[in-house]
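# Summary of structural features
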Amino acid sequence: MTRLPMASLDGKKIIVVGGSSGIGYGVAAAALEHGAEVVIVGRSAQKLGAAEKRLGGAGRVTAIAADMAREADIARLFDTVGAFDHLVATAGTPPPNYPIGETDMDFVRRFVDGKLTGAVMLAKHAARTLSKGGSMIFTSGINKDRPPVPGGSVVAAVAGSFSYFARALALELAPTRVNIVSPGWVDTEMWDEIVGAAKTGYFNEMGTRIPSGRIATPADIAPAYLYLMQNDFMTGETIHIDGGQRLV
Ligand SMILES: NC(=O)c1ccc[n+]([C@@H]2O[C@H](COP(=O)([O-])OP(=O)(O)OC[C@H]3O[C@@H](n4cnc5c(N)ncnc54)[C@H](OP(=O)(O)O)[C@@H]3O)[C@@H](O)[C@H]2O)c1
């Protein structure tokens, strides 16, 4: 009989770094619906507690506080979880948005540490305990394709680097698979932090311009992560899921 390439997530253990909010929360909720066991990770224990409660999950959710910019935290995370099946990293903070001449280098270093160096550290420690047949999925974004002007150069560089990170790592760690999801704008808590009440105006304006006719919710984006976990022929790839935002 031909083996189906889409693996079930039933009983699989999935670590979602960034799972207490936004896109990561959406991935955690979707994975639970597909029968997985989920470990959500973020820095704030309070946010994790609230997310754990909201997710429900009938005993299939664990929350672990860890900062992906700190290697000791990451090492402890994987030591605590032990064997697991998929790593999803959506964690990130608002990017620097200064014109290049006004760049605050401390902010840039914190941003790169939290996002890119953090991804390298996650991969380093995840590789110790990731089960055979497992995968890692990191998150880039539309800012590499449509950088905000002015101030988009740093976030574009960081987001753009993820595709090449995944390609190299997919070769090095094979048969473990490594992939990237690159979302367009998604209505998450990060936007509240960046633009506050102006969010509705930004979303209405962009929603009328893009082919999908609206801005995504985390639930729209989560299936891309699930697909990459389930299709064991996908590796070294970047999935763009942006409602056609790169076309406009
Ligand atoms: N929303 C969009 O429109 C969009 C579009 C394209 C790409 N993206 C990218 O997608 C990622 C997620 O965005 P989002 O909108 O889902 O953001 P969000 O709603 O603010 O969620 C971010 C999550 O990451 C966690 N986190 C942040 N820094 C962390 C760290 N150093 N260590 C561990 N956890 C950390 C946060 O919890 P704590 O604060 O408690 O740590 C939270 O759970 C970001 O990298 C963003 O650049 C977003």
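A separate point is helix 5 (residues 153-173). For helix 5, with 21 residues, the first-to-last C-alpha span of 30 Å sits near the 30 Å given by 1.5 Å per residue. Of all the positions in helix 5, only V154, V155, A156, V158, A159, F162, S163, F165, A166, L169 and A170 are classed as buried. On its buried side, helix 5 packs onto helix 4 (105-129), strand 5 (130-139), strand 6 (177-183) and strand 7 (238-241).

Here helix 1 (residues 22-33) crosses helix 2 (residues 45-55) at 35°, and the two axes come no closer than 11 Å. Both helix 1 and helix 2 take part in a crossing whose hand is right-handed. Counting all contacts with helix 1, which are made through Y25, A28, A29 and L32, the residues of helix 2 involved are A51, R54 and L55. Per-class residue counts for the contact of helix 1 with helix 2 are six nonpolar, no polar and one charged.

With that settled, the discussion passes to the sheet that holds strand 5. With parallel pairing, the seven strands of this open sheet are ordered in space as 3-2-1-4-5-6-7. Each edge of the open sheet is held by one strand with a lone partner, namely strand 3 (61-65) and strand 7. Sheet twist, expressed as the average angle between the axes of neighbouring strands with direction ignored, equals 20°. Across five bridges, strand 5 lies against strand 6 in parallel orientation. Directly across from M136, in strand 6, lies its bridge partner V178. Contacts from helix 4 reach strand 1 (13-17), strand 4 (84-89) and strand 5, with the element oriented near 175° to strand 5.

Definitions and limits used
- Throughout, a residue's number is its position along its own chain's written sequence, starting from 1.
- Whole-chain, interface and lining totals are the exception, using all residues; otherwise, since this is a predicted model, local features are given only for residues with pLDDT of at least 70 and side-chain atom pairs are given and counted only at 80 or more.
- Only hydrogens and water are set aside when side-chain values are computed; all heavy atoms of the structure are taken into account.
- Only DSSP runs of H or I with at least four residues qualify as helices, and only runs of E with at least two residues qualify as strands; both kinds are numbered from the N terminus onward.
- The span one expects for a helix is its residue count, reduced by one, times 1.5 Å.
- Accessible area is worked out with a 1.4 Å probe on protein chains only. A residue is then buried under 20% of its type maximum, exposed over 50%, and partly exposed in between.
- Should any heavy atoms of two residues lie within 4.5 Å, those residues are counted as being in contact.
- Lines fitted to C-alpha atoms define the axes, with helix axes restricted to the stretch in contact, and inter-axis angles between N-to-C directions lie between 0 and 180 degrees.
- Left-handed describes a crossing whose near helix is turned anticlockwise from the far helix through less than a right angle; right-handed describes the clockwise counterpart.
- Ten residue types, Ala, Val, Leu, Ile, Met, Phe, Trp, Tyr, Cys and Pro, are classed as nonpolar, four, Asp, Glu, Lys and Arg, as charged, and the remainder, Gly among them, as polar.
- The criterion for strand pairing is that DSSP finds at least two bridges linking the strands in question.

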